[in-house]
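# Fold and geometry: a report
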Amino acid sequence: MNPPDFLPMTRPSIDEETIQGVCEVLRSGWITSGPQVKAFEAALSRYFGGRPVRACNSGTCTMEIGLRIAGIGPGDEVITTPLSWVATSNVILAVGATPRFVDIDPITRNIDLTRIEPALTPATRALLPVDLAGLPVDRDALYAIARRHGLRVIEDAAQSMGAQFKGRPIGSSGDLVSLSFHPNKNITSIEGGCLVLNDEGEARLAEQYRLQGVVRSGFDGLEVEVAGGKFNLTDVAARVGLGQLPHLAQFNARRAALSRRYFEELTEHGATALGLGLPLADFTHSNWHMFQVVLPEERLNLSRGQLMEQMHAAGIGTGAHYPPIHLLALYRRRGFRPGDFPIAEYVGRNILTLPLFPAMRDADVTRVVETLMRLLRKAARY
Ligand SMILES: Cc1ncc(COP(=O)(O)O)c(C=O)c1O
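So, a few notes on the structure that sits alongside this text.

The rules behind these values
- Residues numbered from 1 in each chain as written.
- Predicted model: local features only at pLDDT ≥ 70, side-chain atom pairs only at ≥ 80, totals over all residues.
- Heavy atoms only, no water.
- Near = heavy atom within 4 Å.
- Polar contact = N/O pair within 3.5 Å; in protein donor to acceptor, adjacent residues only side chain to side chain.
- Areas by Shrake-Rupley, 256 points an atom, 1.4 Å probe, with all protein chains shown as cover.
- Helix = DSSP H or I, 4+ residues; strand = E, 2+ residues; numbered from the N terminus.
- Nonpolar A, V, L, I, M, F, W, Y, C, P; charged D, E, K, R; others polar.
- Disulfide = S-S within 2.5 Å.
- Buried < 20%, exposed > 50% of the residue type's maximum accessible area, 1.4 Å probe, protein only.
- Salt bridge = Lys/Arg side-chain N within 4 Å of Asp/Glu carboxyl O.
- Expected span 1.5 Å × (residues − 1).
- Contact = heavy atoms within 4.5 Å.
- Pairing = 2+ DSSP bridges.
- Axes fitted to C-alpha atoms, helices over the stretch in contact; angles between N-to-C directions.
- Core = buried A, V, L, I, M, F, W, Y, C linked by side-chain atoms within 4.5 Å.

## Notes on the site of the ligand
Residues in close proximity to the ligand total 15 residues, the closest being Gly59, Thr60, Asp156, Ser180 and Lys185. The contact in question runs from a nitrogen atom of the ligand to an N or O atom on the side chain of Asp156, over 2.7 Å. Across the complex, the protein chains shield 93% of the 390 Å² of accessible surface that the ligand would expose by itself. With three residues, the single largest contributor to the shell around the ligand is helix H3 (residues 59–69). Across the shell around the ligand, the residue classes tally to five nonpolar, eight polar and two charged.

## Some details on the state of the cysteines
If you walk through the whole model with that rule in mind, you get zero disulfides. For Cys56, which is in no disulfide, the shortest distance to another cysteine sulfur is to Cys61 and amounts to 4.3 Å. We classify Cys56 as buried; its relative accessible area is 3%. As a non-bridged cysteine, Cys194 has Cys56 as the owner of its nearest cysteine sulfur, 8.6 Å distant. Given a relative accessible area of 0%, Cys194 falls into the buried group.

## Some words on the pattern of salt bridges
Applying the stated criterion across every chain, the model contains 18 salt bridges. Across the pair Glu200 and Arg54 runs a salt bridge, and its minimum N-O distance is 3.6 Å. You can see Glu200 sitting in helix H7 (residues 200–210) and its partner Arg54 sitting in strand S1 (residues 53–56), a full 146 residues away along the chain. Judged by relative accessible area, Arg54 falls into the buried class, the value being 12%. Residues Glu117 and Arg148 are paired through a salt bridge, measuring 2.9 Å at the closest nitrogen-oxygen approach. Highlighted residues: Glu117 in helix H5 (residues 116–119) and Arg148 in helix H6 (residues 139–149), separated in sequence by 31 residues.

## Comments concerning helix H2 (residues 35–47)
Counted at 1.5 Å a residue, the expected span for H2 with its 13 residues is 18 Å, and the 18 Å between its end C-alpha atoms agrees. Restricting attention to buried positions, one finds in H2 the residues Val37, Phe40, Glu41, Ala43, Leu44 and Ser45. Tucked into the core, H2 has its buried residues touching S1, strand S9 (193–196), H7 and helix H8 (235–244). Of the residues flanking the end of H2, it is Gly49, one or two places downstream, whose phi is positive at about 70°.

## Re the sheet that holds strand S5 (residues 152–156)
Taken in spatial order, the seven strands of this open sheet run S1-S9-S8-S5-S4-S2-S3, and their pairing is mixed. Strands at the two margins of the open sheet, each flanked by one partner only, are S1 and strand S3 (98–101). Between one strand axis and the next, the sheet turns by 25° as a mean value, whatever way the strands run. Running over the sheet, H7 touches S1, S5 and strand S8 (176–180) and is turned about 10° from S1.

## With respect to the nonpolar core
With 31 residues, the main nonpolar core has Tyr262, Leu266, Phe291, Leu307, Leu372 and Leu376 as its most contacted residues. Secondary-structure elements contributing two or more residues to this core are helix H9 (248–268), strand S12 (291–294), helix H10 (304–313), strand S13 (351–354) and helix H13 (362–379). The element that contributes the greatest number of residues to this core is H13, accounting for eight residues. Discounting chain neighbours no more than four positions away, the residues touching Leu372 are Leu266, Leu276, Leu307, Met311, Leu352 and Leu354.

## Here's the deal with unusual backbone geometry
Note the cis peptide between His321 and Tyr322, where omega equals 15°. Its place among the elements puts Tyr322 in the loop between H10 and helix H11 (329–332). Unusually for a residue other than glycine, Ile190 sits at a positive phi of about 70°. Turning to its location among the elements, Ile190 is positioned in the loop between S8 and S9. One non-glycine residue, Trp288, adopts positive backbone phi at about 50°. Judged by relative accessible area, Trp288 falls into the buried class, the value being 3%.

Right under this line is the structure:
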């Protein structure tokens, strides 16, 4: 257990009204998928400009369901980024397809769109981009590639709730869009996620994949045509999500204000002169899901793990998002090697997520920056 003044990397903000709402659901006699899930889906659909939405119990299964709806399976290849949570690629394996990684752009830290076309093969069926830290991949360029080559797109927008592209929320356009409501996300339903779909036919298929493939009719009719899973969201979780959605804009505004402060204070403390890589200062599109710096490993005589330990000892939580997927044992066994995607490997080795959540105070940013810069100066070789 961390001491009370420990500053975690992230923490959800759940208001009293939501907590009361959860109590009411618990007392109602209906706690699994029911009216709250329907209400959450309706609210999400309004947010995404009226597109059909289905909620599930994770942002992992919504990607998997998206792949299944797009008809991706054995023999198919899906292009994605190596710098993401491993779920991004595991779902491609889960449907029996093959992930093909493309290195990242060092500025956005997202998939380098200019490298996608050279990586296409006759087996490529879909693109699965990730908006790392809530900074959206350029949707115009992405969909231009998809259109040119007849590819489906399953957007891993797990981190981009409330992010915008050209003035419209991520999810309000595009092909299949998957979002996560895990507790560290910009809004949460404890665990959960949703899939934004193109039409009611896809939505019905999503319902089948969500729950054992079941289609009910009348009082006792039941049929199954696809092998669905057990991915339904509970009403308790949906009530949490419903209570979060109205706060999304305000949460994201606070995240942006804190991020601006990080930029100002890091610059004042000479972070760039020390070689610290800052995120792209995009206050138009990003939802500032994470504030991540990249350590200058060649100039430091301590490892990222040691720095995280020292930050922790100073009462500050940090994260390492993410180790490059292709270097995890499961993927090395599939033939990937160090050096395959050098930019993702460098960033993955050195990226450090600093605390960022709506309830953080301005003074917390100052404390993080002062501590980080003090430790980095002590460790700097030159
Ligand atoms: C980029 C990315 N993809 C997928 C996921 C999976 O979401 P969930 O944890 O809700 O399954 C996450 C969540 O951490 C994520 O950050």
